[in-house]
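Summary of structural features
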Amino acid sequence: MSRARDIADFNPSLFATDEISGDKVSGGTIGAGTFDGTIGASAVGDGIITCAESLTLNATTAEFNTSTITLSGFTKRTDYGNVASITESSGNFTTSSTGIFFISLRFNITCANTDPDYIEIDAKQVVDGTETLISRGVTSVRGSSSQVWKTVSMQFLYDWQNTSHTLIFKAQAESNTRIMGDTNGVQSIINFLRIGNT
């Protein structure tokens, strides 16, 4: 029988084991084209979201002023994905898997109108005890009433190259400021999306 006939009849012995295994492609690269099927649970690679998690602040912080505080006390509210898992302990956010992450946050702020002019949130990487600024969100908090409510938002890409590296989020204001938290997870939230390999 000719090779063409064998191929037409799909004779698996004609293909290397890293090209065809059973009824699926494995060990190789699928070229350009359209894929109409199901991506396996263990699939990884750029463009495949393998982690989508939200962590929220459990309780409103104590009043803080010119001192800088490290935010802690977050609870995981959503957990989708099979590759990375984000956890927080004593203000240190860690991942179980490296990768490129899209990180966004929203913090609701309250303060007395007569006190601070601004609040600043810093996202920092910590490697061997050394902090490096990655992103910063700042908002003015002066208003016309005795109690002012504001929101700080931030989003950035982060290459989490080592699982021993941690992220921390620090807040600073002039005086008498609180970052709002609650057990329902609606006040202050950080979202993590793993969108590719490091």
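So, on to the overall build of the chain. Looking only at helices and strands, one finds one helix and 14 strands in the chain. Of the roughly 10,900 Å² that the chain leaves accessible, carbon and sulfur atoms contribute 48%.

Quick look at the confidence of the model for the chain now. With 70% of its residues at a pLDDT of 70 or more, the chain has an overall mean of 81. The secondary structure element of the chain with the lowest average pLDDT is strand 1 (residues 20–21), at 46, and the one with the highest is strand 7 (residues 92–95), at 96. Scored below 50 in pLDDT, residues 19–23 shows seven contacts in the model against residues more than four places distant or in partner chains.

We now examine the side chain of S54. Examined against the element boundaries, S54 turns out to sit in strand 3 (residues 51–57). On the accessibility criterion, S54 (11% relative accessible area) is buried. Only 2.6 Å separates the side chain of S54 from the side chain of N191, close enough to count as a polar contact. For S54, the residues in contact, after removing those within four places along its chain, are T75, K76, R77, T78, I189, I190 and N191.

In terms of nonpolar packing, the biggest core is built from 32 residues, with F93, I103, F107, F169, I179, I190 and F192 touching the most fellow members. Beyond its immediate chain neighbours, meaning those up to four positions away, I190 contacts E53, S54, L55, F74, F93, I103, S104, L105, F107 and F169.

Locating T151 in the fold gives a position in strand 11 (residues 147–160). Residue T151 is classed as partly exposed on the basis of its relative accessible area, which comes to 37%. Within the structure, T151 has its side chain in polar contact with the side chain of N108 (distance 3.0 Å).

Counting through the fold element by element, N184 comes out in the loop between strand 13 (177–179) and strand 14 (189–196). For N184, a relative accessible area of 63% corresponds to the exposed category. Sequence separation of N184 and T75 is 109 residues, and the distance between their C-alpha atoms is 10.0 Å.

Criteria and cut-off values
- Numbers given for residues are sequential positions, taken from 1 along each chain in its written order.
- A pLDDT threshold of at least 70 governs which residues receive local features in this predicted model, and a stricter bar of 80 or more applies before side-chain atom pairs are shown or counted, although totals over entire chains, interfaces and linings include all residues.
- Side-chain calculation: all heavy atoms of the structure are included, whereas hydrogens and water are not.
- To qualify as a helix, a DSSP run of H or I must reach at least 4 residues; to qualify as a strand, a run of E must reach at least 2; elements of each kind are numbered from the N terminus.
- Note on areas: Shrake-Rupley, 1.4 Å probe, and residue coverage restricted to the protein chains presented here.
- The score called pLDDT rates the predictor's confidence residue by residue, from a low of 0 to a high of 100.
- Any two residues whose heavy atoms approach within 4.5 Å are treated as being in contact.
- When accessible area is computed with a 1.4 Å probe and restricted to protein chains, residues below 20% of their type maximum are described as buried, those above 50% as exposed, and intermediate ones as partly exposed.
- Residues adjacent in sequence count toward polar contacts only when both atoms are side-chain atoms; beyond that, a polar contact is any pair of N or O atoms within 3.5 Å, and within protein one must be able to donate a hydrogen and the other to accept it.
- The definition of a nonpolar core used throughout is a set of buried Ala, Val, Leu, Ile, Met, Phe, Trp, Tyr and Cys residues joined through side-chain atoms within 4.5 Å.

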